[in-house]
Amino acid sequence: MSTELIHDRYDLEEHKIVETLKKVKTIALIGASSKPERDSYKVMSFLINEGYQVFPINPLLSGTTIMEQKVYGCLGDVPSPIDMLDVFRQSKYLYDIVVEATQANITTIWTQLGVTEASAELLAIKSGITMIVNRCPAIEIPRLKLALNTD
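Residues numbered from 1 in each chain as written. Predicted model: local features only at pLDDT ≥ 70, side-chain atom pairs only at ≥ 80, totals over all residues. Heavy atoms only, no water.

Points about unusual backbone geometry
A positive phi is found at N105, a non-glycine position, where the angle reads about 60 degrees. Following the sequence through the fold, N105 ends up in the loop between helix 3 (94-103) and strand 6 (108-111). The class for N105 is exposed, based on a relative accessible area of 64%. (Helix = DSSP H or I, 4+ residues; strand = E, 2+ residues; numbered from the N terminus. Buried < 20%, exposed > 50% of the residue type's maximum accessible area, 1.4 Å probe, protein only.)

Quick word on helix 3
Taken together, the buried positions of helix 3 are L94, I97, V98 and A101. All buried residues of helix 3 project into a common sector of 100 degrees when viewed along the axis, lining one side. Every exposed residue of helix 3 that faces more than 90 degrees away from the buried side is listed here: D96 and Q103. Following helix 3 by one or two positions, N105 has its phi on the positive side, about 60 degrees. (Arc of directions from axis to C-beta.)

Digging into the packing of aromatic side chains
Tallied over the full model, the rule gives one aromatic pair. In this arrangement the basic side chain of R89 is found over the ring face of Y93, its NZ or CZ atom lying 3.9 Å from the centre. (Phe/Tyr/Trp six-rings, centres within 6.5 Å; stacked < 30°, edge-to-face > 60°. Lys NZ or Arg CZ within 6 Å of the ring centre and 35° of its normal.)

Some points on the sheet that holds strand 1 (residues 26-30)
On the basis of which strands lie adjacent, the open sheet formed by five strands has the order 2-1-5-6-7 and parallel pairing. Two strands in the sheet have a free side with no partner beyond their single neighbour: strand 2 (53-57) and strand 7 (130-132). Sheet twist, expressed as the mean angle between neighbouring strand axes with direction ignored, is 20 degrees. Here strand 1 runs beside strand 2; their pairing, made up of five bridges, is parallel. (Pairing = 2+ DSSP bridges. Axes fitted to C-alpha atoms, helices over the stretch in contact; angles between N-to-C directions.)

Some thoughts on the side chain of T111
Along the chain, T111 turns up in strand 6. Taking relative accessible area as the criterion, T111 reaches 0% and is therefore assigned buried. Engagement of the side chain of T111 in a polar contact is seen with the backbone oxygen of V115, the distance being 2.7 Å. Discounting residues that sit within four places of it in the chain, T111 has contacts with V87, L94, M131, I132, V133, N134 and R135. (Polar contact = N/O pair within 3.5 Å; in protein donor to acceptor, adjacent residues only side chain to side chain. Contact = heavy atoms within 4.5 Å.)

Overview of the environment of N134
Inspection of the secondary structure assignment puts N134 in the loop between strand 7 and helix 5 (137-143). Linking N134 and V115, residues 19 residues apart in sequence, is a C-alpha distance of 5.7 Å. The contacts of N134, once residues within four sequence positions are left out, are T111, Q112, L113, G114, V115 and T116. A polar atom in the side chain of N134 sits 2.5 Å from the backbone nitrogen of G114.

Considerations on the pairing of strand 2
With four of its five residues buried, strand 2 lies for the most part within the structure. In this fold, the crossover linking strand 1 to strand 2 by way of helix 2 (residues 39-49) has right-handed handedness. (Right-handed = clockwise from strand over helix to strand, strands pointing away.)

Section: the pattern of salt bridges
One pass over the structure, following the stated rule, counts four salt bridges. Residues R143 and E14 are paired through a salt bridge, measuring 2.8 Å at the closest nitrogen-oxygen approach. Here R143 is found in helix 5, whereas its partner E14 is found in helix 1 (residues 3-23), with 129 residues between them in sequence. With relative accessibility at 12%, the residue E14 sits in the buried group. R143 gets classed as partly exposed once you look at its relative accessible area, which sits at 40%. The structure contains a network of salt bridges with shared partners spanning E14, R135, E140 and R143. (Salt bridge = Lys/Arg side-chain N within 4 Å of Asp/Glu carboxyl O.)

Written out as structure tokens, the structure reads:
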């Protein structure tokens, strides 16, 4: 593969991330944790501090709160529209999460580092869902801060 093609693909992915972060206001964080040492907790805190409205999703913690945010058992329980899912689950659950997102009319899914699954990604493409894979918004937002602040 030529370096020019790799560079073009990289630029397209960068553009997709910047545009996603600019338009998203509400995020359902799938696999939320109440444990401060967990990455999902740290990223949830980061996203809240960045001004996003975050709905933690974890059936085992449903009805409790994390950082003063009510925890929901599933996407269907969230009473507000959701712009994006941020997935902190094992890759083997990703296909079902894409199916659930499709049913809930969610158009953007972001998977955390290490969370990839080809059939889920293909289903997302077929369903018109924008998917950002194997990235972390708590890394990408500071890295892209200049691009996010320009229109």
